[in-house]
Amino acid sequence: RDDVESRGLGDVYKRQLSQCPEGVAGMYVLLGSVFIIAGTVMLASPKTIFQMMEGWKGTGDQEPSPLYCASTRLGGLAFLLIGIAGIVVSLLYLT
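Trainee: What exactly am I supposed to notice about the overall build of the protein here?
Mentor: Tallying secondary structure elements over the protein gives four helices and zero strands in all. Secondary structure elements of the protein, listed N to C terminal, follow the sequence α-α-α-α. Expressed as a percentage of its 95 residues, the buried residues of the protein come to 18%. Taking the intrachain contacts of the protein between residues at least 6 apart in sequence as the baseline, contacts between residues at least 24 apart amount to 69%. Surface summary for the protein: the accessible area is close to 7,200 Å², and the carbon and sulfur share equals 68%.

Below, the structure is given as structure tokens:
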């Protein structure tokens, strides 16, 4: 048990963060980079995602629907934002 008088929950959380290994920040950078790459591909070329995920199921040239392209781009935007947030969190942790 901690023998230092507690000054509230904020101090508990600060002590926990200071005991966290630095490898966690590296993990956030790595995962953030993967999310950014995936999000960029989904935003830039939903047809490539369609060919990878759905193209093998049929024969001939298949085109994704406009709704498929829109939803893939929306998912790509979400991936991009999550990746950026992961990297920002890791940079804030390191400072």
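After presenting the structure, the write-up continues.
Trainee: It is not clear to me how a nonpolar patch on the surface should be interpreted in this structure. Could you clarify?
Mentor: Nonpolar side chains collect at one region of the surface, where Leu 74, Leu 77, Leu 81, Ile 84, Val 88 and Leu 92 lie side by side and expose about 570 Å² of accessible area between them. Structurally, Val 88 is set in helix α4 (residues 66–94). Of the residues examined, Val 88 reaches a relative accessible area of 41% and is grouped as partly exposed.

Trainee: Would you take a moment to explain the packing of aromatic side chains for this structure?
Mentor: Geometrically, a pair of aromatic rings is defined through the distance of the ring centres and the angle of the planes. Taken as a whole and judged by the stated rule, the model has two aromatic pairs. Ring centres of Phe 50 and Tyr 68 lie 5.2 Å apart, and the angle between their planes is 80 degrees; this geometry places the pair in the edge-to-face category. Of this pair, Phe 50 sits in helix α3 (residues 46–53) while Tyr 68 is found in helix α4, placing the two residues 18 residues apart along the sequence. Among the residues examined, Phe 50 registers a relative accessible area of 9% and is labelled buried.

Trainee: Explain the pattern of salt bridges to me, please; I cannot follow it from the model alone.
Mentor: Close approach of charged atoms allows side chains with opposite charge to pair. All chains considered together, the criterion is met by two salt bridges. Among the salt bridges present, the one from Glu 63 reaches Lys 47, with a minimum N-O distance of 3.5 Å. Placement of Glu 63 in the loop between α3 and α4 and of Lys 47 in helix α3 is noted, with a sequence separation of 16 residues between them. With a closest N to O distance of 3.0 Å, Lys 57 and Glu 54 form a salt bridge. The class for Glu 54 is partly exposed, based on a relative accessible area of 27%.

Trainee: Which parts of the structure should I look at to understand the side chain of Thr 72?
Mentor: Position of Thr 72 relative to the elements: it lies in helix α4. If we skip the residues at most four places from it in the chain, Thr 72 touches Met 42, Pro 46 and Ile 49.

Trainee: Where do I start with the environment of Ser 71 in this structure?
Mentor: By the element assignment, Ser 71 lies in helix α4. In sequence terms Ser 71 and Met 42 are 29 residues apart; their C-alpha atoms lie 9.6 Å from each other. Here Tyr 68 takes part through its backbone oxygen, which lies 3.1 Å from a polar atom of the side chain of Ser 71.

Calculation notes
Residues numbered from 1 in each chain as written. Predicted model: local features only at pLDDT ≥ 70, side-chain atom pairs only at ≥ 80, totals over all residues. Heavy atoms only, no water. Helix = DSSP H or I, 4+ residues; strand = E, 2+ residues; numbered from the N terminus. Buried < 20%, exposed > 50% of the residue type's maximum accessible area, 1.4 Å probe, protein only. Contact = heavy atoms within 4.5 Å. Areas by Shrake-Rupley, 256 points an atom, 1.4 Å probe, with all protein chains shown as cover. Patch = residues over 30% accessible without salt bridge, like charges linked within 9 Å, V, L, I, M, F, W, Y side chains within 5 Å. Salt bridge = Lys/Arg side-chain N within 4 Å of Asp/Glu carboxyl O. Phe/Tyr/Trp six-rings, centres within 6.5 Å; stacked < 30°, edge-to-face > 60°. Polar contact = N/O pair within 3.5 Å; in protein donor to acceptor, adjacent residues only side chain to side chain.

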